[in-house]
Structures are given as structure tokens and as C-alpha cells.
Amino acid sequence: RFFTTPGGDWNQFKQAYLKQEDLTTLSFCSLHLSRAVPEKTLEAKSLKDLESELEQLYQTVISAKIDAPLRAAILDGLNDVRTAIHAYHIRGAAGLEKALFVLAGTARTRNVARHPDEDTEKDWGDDLWNFVVRLATVLSIASNLASLAPLALHQIAEGISKIRR
């Protein structure tokens, strides 16, 4: 509705506001940028494996002997990951990264412990942190995303200048 004329015709809107040279420039920049900074993609098998691990962890947290507010917070975080997995085809890896950060932040701020000792019995906290590490590994989160922005802007500017020549 936003990108239409008062009559609601998309073709009229395109003719009135979008010039062919603008679309060509945008297409070129999109192609060049996707080569320079490709979007992270996950294989379907990885998503299925994560979903399976998530379901096991979900059941572990439900049956764990922990207080209700902590259980609710962790289950909310796990539900966010589940939603991100199901919406991967829409939001891509960025949705999973956001859910990962929320889940890890919740676990950290709620002091969910990890038991590194061999003598200590593993519990749901170990399972949670193992899942967080596994998800982070699958996503291969870049340590310095800010360094990509100047490259992207440079590539776009270079592409536009080449087209205008």
C-alpha cells in the first residue's frame, strides 16, 4: 500500500517513480555487494540438526528442577531460537544470531552455570551452554562486523561511478 499510487496500481507507481537506470544501478550494486560480502547461509541439514538439539534441550529444561521464573526466561529464549529457525528463509542468519545473543545473554545474566569439572555431574546448564556454543559455531559469527560497513559503502560507490561513466 505504501508503494502505490492513490489508485493502487504498482505499474503506475513504477513508471512514475522508478527509472530504468535506477533499477540497473541498484541491480549492479546488489550483485557486486553480494560477491564482496556474501550473506551467511546455513544448510538445511544444519537447521534440522539444530532444531532436533533444541527440542531435546527444551524437554531437559522443562523437566529440570529450577525455579519458575528462570525456567520461563530460558524457555522464552529457546522459543526465540525455534522461531528464528522456522523463519530462516525470511530473516536469514541474522534472525538466528539475534536469538543466539538473547539466549546467551539471558543465560549469562541469570547466572546459568557450566560445570567444567569432570567430577561434577552435568545438568541442564551444561546442555544449554553446549547448545549456545554449537549454534554460535554453526553460524560462524564474524568477530568484527563493523569492518564490513566501509567495504560495502566503497563497493556501492565504486559500482555507481562505473555505471555513470
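Everything numeric in this text was worked out from a predicted model, so none of it was measured.

**Brief notes about the overall build of the protein chain**
The number of helices and strands found in the protein chain is seven helices and zero strands. Secondary structure elements in the protein chain, listed N-terminal to C-terminal, are α-α-α-α-α-α-α. At a minimum sequence separation of 6, the contacts of the protein chain that also span at least 24 residues come to 66%.

**A look at the confidence of the model for the protein chain**
In regions of low pLDDT, the predicted coordinates are not meant to be interpreted in detail. Mean pLDDT over the protein chain works out to 80, with 73% of the residues at or above the 70 mark. At the level of individual helices and strands, the protein chain shows its lowest average pLDDT in helix α7 (residues 148-164), which scores 60, and its highest in helix α4 (residues 68-86), which scores 96. When the criterion is pLDDT under 50, residues 141-147 qualifies, and its contacts beyond four places in sequence or with other chains add up to six contacts.

**Some words on the environment of Trp124**
If you trace the backbone, Trp124 turns up in helix α6 (residues 124-139). Accessibility expressed as a relative area gives 12% for Trp124, which makes it buried. When the C-alpha atoms of Trp124 and Leu57 are compared, they prove to be 7.7 Å apart, with 67 residues separating the residues in sequence. Apart from the residues within four sequence positions on either side, Trp124 is in contact with Leu57, Thr60, Val61, Ala64, Ile66, Leu70, Ile74 and Val112.

**A few points about helix α5 (residues 88-109)**
Count 3.6 residues to each turn of an α-helix, and residues three or four apart come out pointing the same way. Over its 22 residues, α5 extends only 27 Å from the first C-alpha to the last, a length that falls short of the 32 Å expected when each residue adds 1.5 Å. Of all the bends in α5, the greatest measures close to 60° and is centred on Ala94. By the burial criterion, the buried members of α5 are Tyr88, Gly92, Ala93, Gly95, Leu96, Glu97, Ala99, Leu100, Leu103, Ala104, Thr106 and Ala107. Looking at the buried side of α5, the elements it contacts are α3 (44-63), α4 and α6. Once α5 finishes, Asn111 follows within two positions and takes phi at roughly 55°, a positive value.

**Thoughts on unusual backbone geometry**
Here Asn111, not a glycine, exhibits a phi torsion of approximately 55°, which is positive. Examined against the element boundaries, Asn111 turns out to sit in the loop between α5 and α6.

**Some thoughts on the pattern of salt bridges**
Following the criterion strictly, the structure yields three salt bridges and no others. Its salt-bridge partner being Arg134, residue Glu53 comes within 2.7 Å of it at the nearest N-O pair. Remark: Arg134 occurs in helix α6 and Glu53 occurs in helix α3; sequence separation between them is 81 residues. Residue Arg134 is classed as partly exposed on the basis of its relative accessible area, which comes to 28%.

**Some points on a nonpolar patch on the surface**
Taken together, the side chains of Trp10, Tyr17, Leu18, Leu23 and Leu26 define a hydrophobic patch exposed on the protein surface, amounting to about 520 Å² of accessible area. Relative to the assigned elements, Trp10 resides in helix α1 (residues 10-17).

**Notes on α4**
Its 19 residues place the ends of α4 26 Å apart at the C-alpha level, agreeing with the 27 Å of an ideal helix rising 1.5 Å per residue. Those residues of α4 that fall on the buried side of the exposure criterion are Leu70, Ala73, Ile74, Leu75, Gly77, Leu78, Val81, Ala84 and Ile85. Elements in contact with the buried residues of α4: α3, α5 and α6.

**Topic: the nonpolar core**
Among the nonpolar cores identified, the biggest contains 33 residues, and Leu78, Leu96, Trp124 and Leu128 are the most heavily contacted of them. If near-sequence neighbours (up to four positions away) are discounted, Leu128 is found in contact with Leu57, Ile74, Leu78, Leu103, Ala107 and Val112.

**Quick look at the environment of Ile66**
For Ile66, the position within the fold is in the loop between α3 and α4. In this structure Ile66 comes out as buried when scored by relative accessible area, which is 15%. Put simply, Ile66 and Trp124 are 58 residues apart on the chain and 9.6 Å apart in space, counted from C-alpha to C-alpha. The residues touching Ile66, leaving out its near neighbours within four places in the chain, are Val61, Arg71 and Trp124.

Scoring rules and cut-offs
- Here the residue numbering is sequential within each chain, running from 1 through the sequence in written order.
- Reporting of local features is limited, given that this is a predicted model, to residues whose pLDDT is at least 70; pairs of side-chain atoms are given and counted only at 80 or more, and all residues count toward the totals for whole chains, interfaces and linings.
- The basis for every side-chain value is the complete set of heavy atoms in the structure, and neither hydrogens nor water enter the calculation.
- Note on conventions: DSSP H or I runs of at least 4 residues are helices, E runs of at least 2 residues are strands, and numbering of each starts at the N terminus.
- What makes two residues a contact is simply this: any of their non-hydrogen atoms within 4.5 Å.
- Values of pLDDT, the confidence the predictor places in each residue, fall between 0 and 100.
- Three exposure classes are used, based on accessible area relative to the maximum for each residue type with a 1.4 Å probe and protein chains only: buried under 20%, partly exposed in between, and exposed over 50%.
- By this rule the span expected of a helix is its residue count minus one, scaled by 1.5 Å.
- We define the bend at each residue as the angle formed by axes fitted to the 7 residues ending at it and the 7 residues starting at it.
- Throughout this description, the term salt bridge denotes a Lys or Arg side-chain nitrogen within 4 Å of a carboxyl oxygen of Asp or Glu.
- For patches, a residue must show more than 30% relative accessible area and have no salt bridge; joins then use 9 Å for like charges and 5 Å for nonpolar side chains, namely Val, Leu, Ile, Met, Phe, Trp and Tyr.
- The accessible surface values rely on the Shrake-Rupley method and a 1.4 Å probe; as for residues, cover is taken only from the protein chains in view.
- As used in this record, nonpolar core signifies buried Ala, Val, Leu, Ile, Met, Phe, Trp, Tyr and Cys residues forming a set joined through side-chain atoms within 4.5 Å.

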